[in-house]
Amino acid sequence: MSASQTSEVPTLLVKIFGKDRPGITAGLFDTLAAYLVDVVDIEQVVTRGRLVLCVLVTQPPAGLEGDLRATVHSWAESMKMQAEIISGHGDNRPRGHGRSLVTVLGHPLTAESTAAIADRIAKAGGNIDRIFRLAKYPVTAVEFAVSGVETEPLRTALASDAAALGVDVAVVSAGLHRRAQRLVVMDVDSTLIQDEVIELFAAHAGCEDKVAEVTAAAMRGELDFEQSLHARVALLEGLDASVVEKVRQEVRLTPGARTLIRTLKRLGYQVGVVSGGFTQVTDDLKERLGLDFAQANTLEIVDGKLTGRVTGEIVDRAGKARLLRRFAAEAGVPLSQTVAIGDGANDLDMLNAAGLGVAFNAKPVVREAAHTAVNFPFLDTVLYLLGVTREEVEAADTHDEG
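Reading the values: the criteria
Residues numbered from 1 in each chain as written. Predicted model: local features only at pLDDT ≥ 70, side-chain atom pairs only at ≥ 80, totals over all residues. Heavy atoms only, no water. Axes fitted to C-alpha atoms, helices over the stretch in contact; angles between N-to-C directions. Helix = DSSP H or I, 4+ residues; strand = E, 2+ residues; numbered from the N terminus. Parallel < 35°, antiparallel > 145°, perpendicular 65-115°, else oblique. Left-handed = near helix turned anticlockwise from the far one by under 90°. Contact = heavy atoms within 4.5 Å. Nonpolar A, V, L, I, M, F, W, Y, C, P; charged D, E, K, R; others polar. UniProt positions renumbered as here; feature names shortened; annotations may be inferred. 1 Å grid on protein atoms, 1.4 Å probe; cavity = no way out; pocket = protein on both sides within 12 Å on 5 of 7 lines; lining within 4 Å. Points joined across faces, edges and corners; volume = space filled by probe spheres on them. Salt bridge = Lys/Arg side-chain N within 4 Å of Asp/Glu carboxyl O.

## Considering the packing of helix H10 (residues 243-250) against helix H12 (residues 279-289)
- Following both chains from N to C, one finds H10 and H12 inclined at 50 degrees, their axes separated by 10 Å at the closest point. The angle between H10 and H12 places the two elements in the oblique class. By crossing handedness, the relation of H10 to H12 is classed as right-handed. In this structure, H10 contributes Val244, Val247 and Arg248 to the contact, and H12 contributes Gln280, Val281, Asp284 and Arg288.
- In terms of residue class, the contact of H10 with H12 is made up of 3 nonpolar, 1 polar and 3 charged.

## Looking at the environment of valine 184
- Summarising the element assignment, valine 184 is placed in strand S9 (residues 183-186).
- Between the C-alpha atom of valine 184 and that of glutamate 391, which follows or precedes it by 207 residues, the distance is 21 Å.
- Ignoring sequence-local partners within four residues, the contact set of valine 184 consists of Leu264, Tyr269, Gln270, Val271, Gly272, Val339 and Ile341.

## Details of the packing of helix H7 (residues 197-205) against H10
- Where H7 meets H10, the closest approach of the two axes is 10 Å, and the angle between their N-to-C directions is 125 degrees. Classed by the angle they form, the pair H7 and H10 counts as oblique. Crossing geometry of H7 relative to H10 is assigned as right-handed. When H7 is examined against H10, the residues Val197, Leu200, Phe201 and His204 are found in contact with a partner set consisting of Val243, Val244, Lys246, Val247 and Glu250.

## A look at the UniProt feature "active site" (unreviewed entry) in the protein chain
- Within the UniProt annotation, "active site" (unreviewed entry) is assigned to Asp187 and Asp189. Of the annotated set, the members that line the largest cavity are Asp187 and Asp189.
- Structurally, aspartate 187 can be placed in the loop between S9 and H7.
- For aspartate 189, the location among the structural elements is in the loop between S9 and H7.
- Beyond its immediate sequence surroundings of up to four residues, aspartate 189 is in contact with Asp195, Glu196, Val197, Ile198, Ser275 and Asp343.

## Let's talk about the layout of surface pockets
- The calculated volume of the largest pocket comes to roughly 830 Å³.
- Together, 27 residues line the largest pocket, and Val45, Val46, Ile131, Phe132 and Arg133 are the ones closest to its centre.
- Residue assignment for the lining of the largest pocket shows that the elements contributing at least two residues are strand S2 (39-47), strand S3 (50-58), strand S6 (127-135), strand S7 (140-147) and helix H17 (390-401).
- Tallying contributions element by element places S6 first for the lining of the largest pocket, with 6 residues.

## Quick word on the pattern of salt bridges
- All chains considered together, the criterion is met by 18 salt bridges.
- A salt bridge links arginine 252 to aspartate 195, with the shortest nitrogen-to-oxygen separation between them at 2.8 Å. With a gap of 57 residues between them, arginine 252 in the loop between H10 and helix H11 (257-266) and aspartate 195 in the loop between S9 and H7 connect regions that are remote in the sequence.
- Measuring nitrogen to oxygen at the nearest pair gives 3.4 Å for the salt bridge that ties lysine 305 to aspartate 240.

## Points about empty space enclosed by the protein
- All told, the structure shown has 1 cavity of 30 Å³ or more when counted by the stated rule.
- Of the volumes computed, that of the largest cavity is approximately 130 Å³.
- As for the largest cavity, its lining consists of 14 residues, and the residues nearest its centre are Asp189, Glu196, Phe225, Gly276 and Gly277.
- Elements with a contribution of two residues or more to the lining of the largest cavity: helix H8 (208-219), helix H9 (225-234) and strand S10 (270-278).
- Of the residues contributing to the lining of the largest cavity, the split by class is 5 nonpolar, 4 polar and 5 charged.

What follows is the structure, given as structure tokens:
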């Protein structure tokens with residue numbers, strides 16, 4: 001039967017609402033089964049113990065519709081539920097071209113900000129088809145399925161409102177590719193960890209302020225990264241190599257980092273890090289967190305002292321993108337199925353090369369250029385951008401503990 005023919009088929013929309021409890025769905029379909037109807041569509045939602053169940057069915061054989069209506073209402077009343085039955089034709093209208101998933105993160109998520117986001121979607125020409133809550137803590141995360149407008153214009157339309165409303169809004173294309181992403185590569189300093197590793201070394205060398213000034217300028221994109229790297233590392237000359245272990249102990253993981261990595265690994269992802277910092281720290285993180293890939297610069301150590309130089313391949317802005325491609329090739333994953341996360345200007349090439357680039361608590365220049373931005377200090381909120389719910393994370397944790 002063609003789509004045009006389907007649109008002419010008489011159908012009934014049966015709506016049941018009331019207090020949720022086991023057996024409601026089974027009971028409704030047992031009632032409908034006596035009338036030889038076919039199921040066209042079903043949708044059910046439960047909010048704070050209240051059920052709304054919508055079933056679209058074909059019209060019953062001639063002469064039975066009145067009896068069906070009376071029987072459904074009688075059954076609903078016996079279950080202390082309410083019923084509504086609406087006659088019509090055909091299935092749901094087709095969704096418009098251009099399908100996106102809009103993830104909104106708020107702490108809290110206010111009615112005002114939600115209204116503004118919904119209004120902006122409508123003004124951009126989009127229609128909200130479904131809304132689903134992904135998480136209620138540490139942030140409230142909801143996902144809007146939107147059709148009728150292409151992803152890029154929608155992302156542009158929502159970007160300016162998000163900052164003013166105090167929420168994060170991530171817009172990604174809907175489709176199978178979202179579920180197929182299988183490699184996540186992260187920056188380390190101020191992303192996977194809360195610290196800038198070179199500043200931890202500098203604190204032991206007594207030059208923390210000087211290093212911090214150069215680091216800040218480099219992350220803002222005001223200095224060439226390689227030049228700034230050599231300038232900062234030179235200040236560490238003569239530092240005893242025993243400091244390496246002290247710095248490893250001082251490193252603080254970003255809240256949610258372990259949860260993010262643990263969940264990704266359970267989902268079958270490969271996870272890597274690239275850093276303008278140092279292998280003396282990233283190799284340790286790789287071992288501790290069970291990462292698949294790790295690459296960074298290497299501090300040269302001679303006779304138990306730091307020489308103030310780095311050795312090997314320099315990991316700079318271009319190097320991070322190059323390593324993302326290398327990791328993807330080794331993992332057998334197309335770039336379109338990769339996710340990159342970073343906060344600084346030297347992460348931009350990597351973020352733009354990935355299928356999804358996430359600016360995490362990033363500088364303005366990075367937030368504006370990345371595919372999406374997360375400004376809450378919990379790294380596991382990235383899971384919500386991949387459609388993973390907080391309940392799924394907790395259920396997996398509970399299963400493993402059991």
